[in-house]
Amino acid sequence: MIHTIIEPFRIKAVEPIRISTRGERKGWLEEAKLNVFQLPADRVLLDFLTDSGTGAMSAKQWGAIMEGDESYAGSRSFFRLEAVLKDLTGYQHIIPTHQGRAAEHILFSVATKRGDLVPNNTHFDTTRANLEYQGAEAIDLVIPEGLQPRTHHPFKGNIDLARVADLLEREAHRIPFGMMTLTNNSGGGQPVSLANLRAYRELLNRYGKPLILDVCRYAENSMFIKLREEGQQDRTVKSIAQEMFSLADGCTMSAKKDGMVNIGGFLALNLGTWVEAAKTLLILTEGFPTYGGLAGRDLEALAVGMEEGLNEDYLRYRLRTAEYMGEKMKAGGVAIVEPTGGHAVYLDAKDFLPHLSVEQYPAWSLCNALYLEAGIRSVEIGSVMFGRHNDDGTESYHTMELVRLAFPRRMYTQSHFDYAAEAICELKARAHEVRGVKIVKQAKYLRHFTAEFESATVQA
Ligand SMILES: *Cc1c(COP(=O)(O)O)cnc(C)c1O
């Protein structure tokens, strides 16, 4: 019996990686004001910034691109995508958008108002920001284990049902709908169980509240259910996914994740309530309802991608990649969020850099150090992303200080991962040299994308 899980594809087109030196990277990071979002991508060796829209498309997807029908109205490509999504989700109304946040913005514009509360396991940053933009409050109610980086639980993305029940009892009149993020990206790419989703649905039903899923990584979530949840082993991943969709009234999706495409998203609703207003806003901001901010060829690539994303050999390899990196980290004494999630490995920066206080943004500092030392671009999921500079001049900090290494789909090979693992473990041995950062310039919303920082990590 051979245990090595191989990449279930071979390479047809290659893209060169520019090899850089530490000295070059030091200058480049200073130019970027110590913010890796500001780095030109060709100054990055391994780009683990995000798995969003960064993956490789298949030959079949590239072939489908040539089939794109670019008609303004009633494009054949839309009907093809609509059929695939109706079959998968069972939802009646399919509204394509250019990416996930556009679906969020449209839904929240028509379905929330100032003073509303929206519970979720953990809102992703764009989800939270889009709710706050409407004057609504995003409430994160993940189970306590989901906030403890080293506590093992098969479904750390589960929502805390007792706290949901309590919130519904006290504030039902302010809650337009409940949300659930599959998998829980900001909490470590952790899955939600079918049992938890069912129980959440029942709670919401008692108050007549709809459930909206954020399904960016629904396929990875379904695979985790197949691997981990009792009684689910013999089902296909697709049928598990279909059951998840059936428990909700609609979803927002960034197809740049499990849609296996470089751009795209959709809002899908089974409820008629918000559809008309959503389509009006779609026409105003995205485009006609049969293309919604995408080209016909994008709709074709997505129709194929939605099916490829459910391939079980691919998903097994996909989840194994993160698990493999996690094993390497632990062997090197690097603390990570455990167990590993689907699309990424999350380093615990408080553990990695114990000499830095939260005011020095340890996760941001670690991100910069990884770039400087190895050319690896990662992303901070900590107090720069989720903390804030309050109007009264005080600062709020996030509970966890994580650095996410997110893996583009079907793009990097085993040696890339081995290089990254070696570099991170080597940095761990001299972690005390890494200094903190301070923010010198920031925007009010989504500040991490553009904030400027001073000092510390860049040393002579
Ligand atoms: C990526 C993501 C979004 C936003 O999607 P975009 O396509 O980046 O706009 C929303 N929720 C989750 C969980 C995500 O991972």
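Residues numbered from 1 in each chain as written. Predicted model: local features only at pLDDT ≥ 70, side-chain atom pairs only at ≥ 80, totals over all residues. Heavy atoms only, no water.

Further remarks concern the sheet that holds strand S2 (residues 93–97). The strand order across the open sheet formed by five strands is S2-S8-S7-S6-S5, and the pairing between neighbours is mixed. Single-partner strands in this sheet number two, and they are S2 and strand S5 (178–181). On average, each strand axis in the sheet is inclined to that of its neighbour by 15°, with strand direction left out of account. In this sheet, strand S7 (residues 250–254) lies alongside strand S6 (residues 211–214) in parallel orientation, the contact comprising three bridges. Bridging across to S7, Ile 212 finds its partner in Gly 250. In the packing of helix H10 (residues 275–285) onto the sheet, the strands contacted are S2 and strand S8 (265–269), and the crossing angle to S2 comes to about 20°. (Pairing = 2+ DSSP bridges. Helix = DSSP H or I, 4+ residues; strand = E, 2+ residues; numbered from the N terminus. Axes fitted to C-alpha atoms, helices over the stretch in contact; angles between N-to-C directions. Contact = heavy atoms within 4.5 Å.)

Around the ligand there are 15 residues in total, and Arg 101, Asp 214, Arg 217, Ser 254 and Lys 257 lie nearest to it. In this structure, Gly 100 approaches the ligand through a main-chain N or O atom, which is 2.9 Å from an oxygen atom. One of the side-chain nitrogen or oxygen atoms of Arg 217 is found 2.9 Å away from an oxygen atom of the ligand. Residue assignment for the shell around the ligand shows that the elements contributing at least two residues are helix H4 (100–111) and helix H5 (125–133). For the shell around the ligand, the leading source of residues is H4, giving three residues. Among the residues making up the shell around the ligand, the classes are represented as two nonpolar, seven polar and six charged. (Near = heavy atom within 4 Å. Polar contact = N/O pair within 3.5 Å; in protein donor to acceptor, adjacent residues only side chain to side chain. Nonpolar A, V, L, I, M, F, W, Y, C, P; charged D, E, K, R; others polar.)

Moving on to the nonpolar core. By size, the foremost hydrophobic cluster in this structure holds 59 residues, and its most contacted members are Met 180, Leu 213, Tyr 218 and Met 306. Three or more residues apiece are contributed to this core by two domains, here domain 1 (22–51 + 311–454) and domain 2 (59–308). Within the second largest apolar cluster, 32 residues are counted, among which are Leu 347, Ala 349, Leu 356 and Cys 367. (Core = buried A, V, L, I, M, F, W, Y, C linked by side-chain atoms within 4.5 Å. Buried < 20%, exposed > 50% of the residue type's maximum accessible area, 1.4 Å probe, protein only. Domains from an automatic or database assignment.)

Glancing now at the packing of aromatic side chains. Enumeration over the complete set of coordinates arrives at 17 aromatic pairs. Chaining the aromatic ring pairs together yields one cluster made of Phe 48, Phe 407, Tyr 412 and Phe 417. (Phe/Tyr/Trp six-rings, centres within 6.5 Å; stacked < 30°, edge-to-face > 60°.)

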